[in-house]
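So the chains spell out like this:
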Amino acid sequence: MRGLDYRWVAALDIVLHQGSFERAAQTLCISQSAVSQRIKQLERFLAQPVLVRSIPPKPTPIGKKILGLYRRVQLLEQEAMPELRNDPAVRPVTLSIATNADSLATWLLPALQPLMEKEHVAFHFAILDESRSIEKMKNGEVLGAISLADKPLAGCDSEFLGKMEYLCVASPAFVERYFQQGVNANTLIKAPSVSFDIQDDQHTRFLKEHFSCQLDPMINHKVGSSEAFVALAKSGLAYCLIPRIQIAEELLSGALMNVTPGLAVTNNMYWHHWPLETGVLKRLSTDIVRYARSVLPQ
């Protein structure tokens, strides 16, 4: 994009990050009017608005696209600069990934371990429900996303990683307390359960699909932590849908029981990323895809 001044885009990025023109000006050590002028120059260059001037400000669709381009340029610069300057002390390459908590708690970190050990990188993880992680990719906030969506975004690639099978589990003490009359729609609704957050509907979908439950569970804890799901289940405080890969030992030892044998939720997982990757970015995608396919059912 000949003529594009990345200082304009940097101003847009900082306004959105700080939530106001005033704080962006303080961060950039320039006047508030100078920040506003840079964004106006960007809008004149693109011939359309990049910012919704609300409280807080929000990017327009073209603003999101230009931010995605800006972050990819930053990443390429970070990766190339040590070689260009022959300076090993240059700041690390920042790799931002959107992922669901379950992947992060099970297979993702082992997949990234070789890269983290050998390369000068700093990972930033945006943790969301797997049905929403793709939004971070759309907004240009991350360079890759683990998602349920199989179709790639425009200009991106998607690669199948494998299947995450979720089992409905509880501790033996919990089963004794809440499921003496069996596991059915009535007992499942009355027993305490867990969801990731208010937007996570996997648990209610499981109940409706397999038990025709028309009501939501009476007690449904919202816990934004994959590890906390396991802790709550083991302590006998709730029953949960947890990935089989995460609780293999607990199932083997009897600390947790599959309370709905034969019934599970299976999610197909995909890695979304920009095509034509080189260097660290190419290795990142290669490592994620290769490791996931080695540990997740295909």
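Residues numbered from 1 in each chain as written. Predicted model: local features only at pLDDT ≥ 70, side-chain atom pairs only at ≥ 80, totals over all residues. Heavy atoms only, no water.

Engineer: Which parts of the structure should I look at to understand the side chain of threonine 99?
Structural biologist: As for its position among the elements, threonine 99 is in strand β3 (residues 93–99). Given the relative accessible area of 0%, threonine 99 is considered buried. Excluding residues within four positions of it along the chain, threonine 99 makes contact with Leu104, Leu108, Phe125, Ala126, Ile127, Leu128, Ser133 and Ile146. (Helix = DSSP H or I, 4+ residues; strand = E, 2+ residues; numbered from the N terminus. Buried < 20%, exposed > 50% of the residue type's maximum accessible area, 1.4 Å probe, protein only. Contact = heavy atoms within 4.5 Å.)

Engineer: Help me understand the pairing of strand β9 (residues 240–243) in this model?
Structural biologist: Look at any regular strand and the pattern is simple: side chains alternate between the two faces of the sheet. Side-chain alternation along β9 places Cys240 and Ile242 on one buried face and Leu241 and Pro243 on a second face that is also buried. As paired elements, strand β6 (residues 157–170) and β9 share four bridges and run antiparallel to each other. The partner of tyrosine 166 across the bridge, within β9, is proline 243. (Pairing = 2+ DSSP bridges.)

Engineer: Can you walk me through the environment of serine 226 in this structure?
Structural biologist: As for its placement among the helices and strands, serine 226 is situated in helix α10 (residues 226–234). In this structure the C-alpha to C-alpha distance between serine 226 and proline 243, which are 17 residues apart in sequence, comes to 9.4 Å. Looking at serine 226, its side chain comes within polar contact range of the side chain of glutamine 246, at 3.0 Å. (Polar contact = N/O pair within 3.5 Å; in protein donor to acceptor, adjacent residues only side chain to side chain.)

Engineer: Got a minute to help me understand the pairing of strand β11 (residues 264–273) in this structure?
Structural biologist: By the criterion of burial, β11 is predominantly enclosed, with seven of the 10 residues buried. Judged from the four bridges that link them, strand β5 (residues 144–147) and β11 form a sheet pairing that is antiparallel. Among the inter-strand pairings, glycine 144 is bridged to a residue of β11, identified as histidine 273. The pairing of β6 with β11 spans 10 bridges and is antiparallel. From the neighbouring strand, methionine 164 faces β11, where its bridge partner is asparagine 267.

Engineer: I would appreciate a short explanation of unusual backbone geometry in the present structure.
Structural biologist: Excluding glycine, residues mostly have negative phi values, and the peptide bonds linking residues are mostly trans. Residues isoleucine 55 and proline 56 are joined by a peptide bond in cis, for which omega reads -5°. Looking at the secondary structure, you find proline 56 in the loop between β1 (51–52) and β2 (58–59). Of note, the phi angle at alanine 47 is positive, near 60°, even though the residue is not glycine. Along the chain, the position of alanine 47 falls in the loop between α3 (32–46) and β1. Under the relative-accessibility criterion, alanine 47 is labelled exposed at 69%. At serine 212, a residue that is not glycine, the phi angle is positive and equals roughly 55°. Position of serine 212 among the secondary structure elements: in the loop between α9 (202–211) and β8 (220–222).

Engineer: Sorry, what's going on with the packing of helix α1 (residues 6–18) against α3 here?
Structural biologist: The relative placement of two packed helices comes down to the angle between their axes together with the axis-to-axis distance. It is the contact of α1 with α3, at a shortest axis distance of 8 Å, that shows an interaxial angle of 120°. As far as their axial angle goes, α3 and α1 are oblique. Crossing hand, α1 versus α3: left-handed. Of α3, the residues touching α1 (which contributes Arg7, Trp8, Val9, Ala11, Leu12 and Val15) are Val35, Arg38, Ile39, Gln41, Leu42 and Phe45. Within the contact of α1 with α3, the residues separate by chemical class into nine nonpolar, one polar and two charged. (Axes fitted to C-alpha atoms, helices over the stretch in contact; angles between N-to-C directions. Parallel < 35°, antiparallel > 145°, perpendicular 65-115°, else oblique. Left-handed = near helix turned anticlockwise from the far one by under 90°. Nonpolar A, V, L, I, M, F, W, Y, C, P; charged D, E, K, R; others polar.)

Engineer: How should I be thinking about the packing of α1 against helix α2 (residues 21–28) in this particular structure?
Structural biologist: Across the interface, α1 lies against α2 with an axial gap of 8 Å and an inter-helix angle of 120°. By the angle between their axes, α1 is oblique relative to α2. Between α1 and α2 lies a crossing of right-handed hand. The residues of α2 that touch α1, namely those facing Ala11, Ile14, Val15 and Gln18, are Phe21, Arg23, Ala24, Thr27 and Leu28. Here the contact of α1 with α2 is composed, by residue class, of six nonpolar, two polar and one charged.

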